[in-house]
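# Structural description and commentary
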Amino acid sequence: QVRLVESGGGLVQAGGSLRLSCTASGSTSAFNAMGWYRQPPGEERQMVALLKFDGLANYGGLMEGRFTISRDNAKNTIYLQINNLKPEDTAVYYCSAGYWDTKYNPSSHWGQGTQVTVAS
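What you see is a predicted model; the values in this text were computed from it and never measured. (Residues numbered from 1 in each chain as written. Predicted model: local features only at pLDDT ≥ 70, side-chain atom pairs only at ≥ 80, totals over all residues. Heavy atoms only, no water.)

## Things to note about the sheet that holds strand E3 (residues 18–26)
Pairing between the strands of a sheet is mediated by backbone hydrogen bonds and can be parallel or antiparallel. The line we're drawing: A pair of strands is treated as paired once DSSP finds two or more bridges between them. Secondary structure elements are taken from DSSP: a helix is a run of H or I of four residues or more, a strand is a run of E of two residues or more, and numbering for both begins at the N terminus. For helices, the axis comes from a line fit to the C-alpha atoms of the stretch in contact; other axes are also lines fit to C-alpha atoms, and the angle between any two N-to-C directions lies between 0 and 180 degrees.
Strand order across the open sheet formed by four strands is E1-E3-E8-E7, with antiparallel pairing between neighbours. This sheet does not close on itself; its edge strands, each paired only once, are strand E1 (2–7) and strand E7 (67–72). Along the sheet, successive strands turn relative to each other by an average axial angle of 20°, direction set aside. Sheet topology places E7 next to strand E8 (residues 77–82); six bridges connect them, and they run antiparallel. Its bridge partner lying in E8, Asp72 is registered against Thr77.

## Let's talk about the state of the cysteines
Filter applied, for reference: The term disulfide is used for any two cysteine sulfur atoms that are within 2.5 Å. Buried, partly exposed and exposed residues are distinguished by accessible area as a fraction of the type maximum, computed with a 1.4 Å probe on protein chains only: under 20%, between the cut-offs, and over 50%, respectively.
Tallying each qualifying case throughout the model produces one disulfide. Across the disulfide, Cys22 is cross-linked to Cys95 (sulfur-sulfur distance 2.0 Å). Measuring the twist about the S-S bond at about -80°, one finds the Cys22-Cys95 disulfide to be left-handed. Highlighted residues: Cys22 in strand E3 and Cys95 in strand E9 (residues 91–100), separated in sequence by 73 residues. Cys95 shares its class with Cys22; the two are buried.

## Digging into the pattern of salt bridges
For clarity, the threshold we go by: Definition used for salt bridges: Asp or Glu carboxyl oxygen within 4 Å of a side-chain nitrogen of Lys or Arg.
One pass over the full model with this rule turns up two salt bridges. Linking Arg38 and Asp89 is a salt bridge whose minimum nitrogen-to-oxygen distance equals 3.0 Å. Taken together, the residues span a long stretch of sequence, with Arg38 in strand E4 (residues 33–39) and Asp89 in the loop between E8 and E9 at a distance of 51 residues. The buried category is assigned to Asp89, whose relative accessible area is 0%. Asp89 is the partner of Arg66 in a salt bridge, and the nearest nitrogen-oxygen pair spans 2.7 Å.

As structure tokens, then:
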């Protein structure tokens, strides 16, 4: 069993910053990558950033630049630093764990999500 627990969301003014955290526990040896997705209100879930444990990172769409994904191996935790937040970043942010060979394949394990709300 794998458990993913996110934290760090909240209400922030446009232009501000947040750092989201996700800690994995349980049977994590099957994974070689983790990542962040987000689901804005009324929209589908979209990939924000992925990080393979060997250091390879991939950012979705126009995420690169304001978003930075990182990992603390000792704590089994990944982070998502978001700078210069915009109202369109408002979403529930979810943590994912999976296996990345030629592409990232998320497992069925997801975190409960953390709400990020950006006020204009």
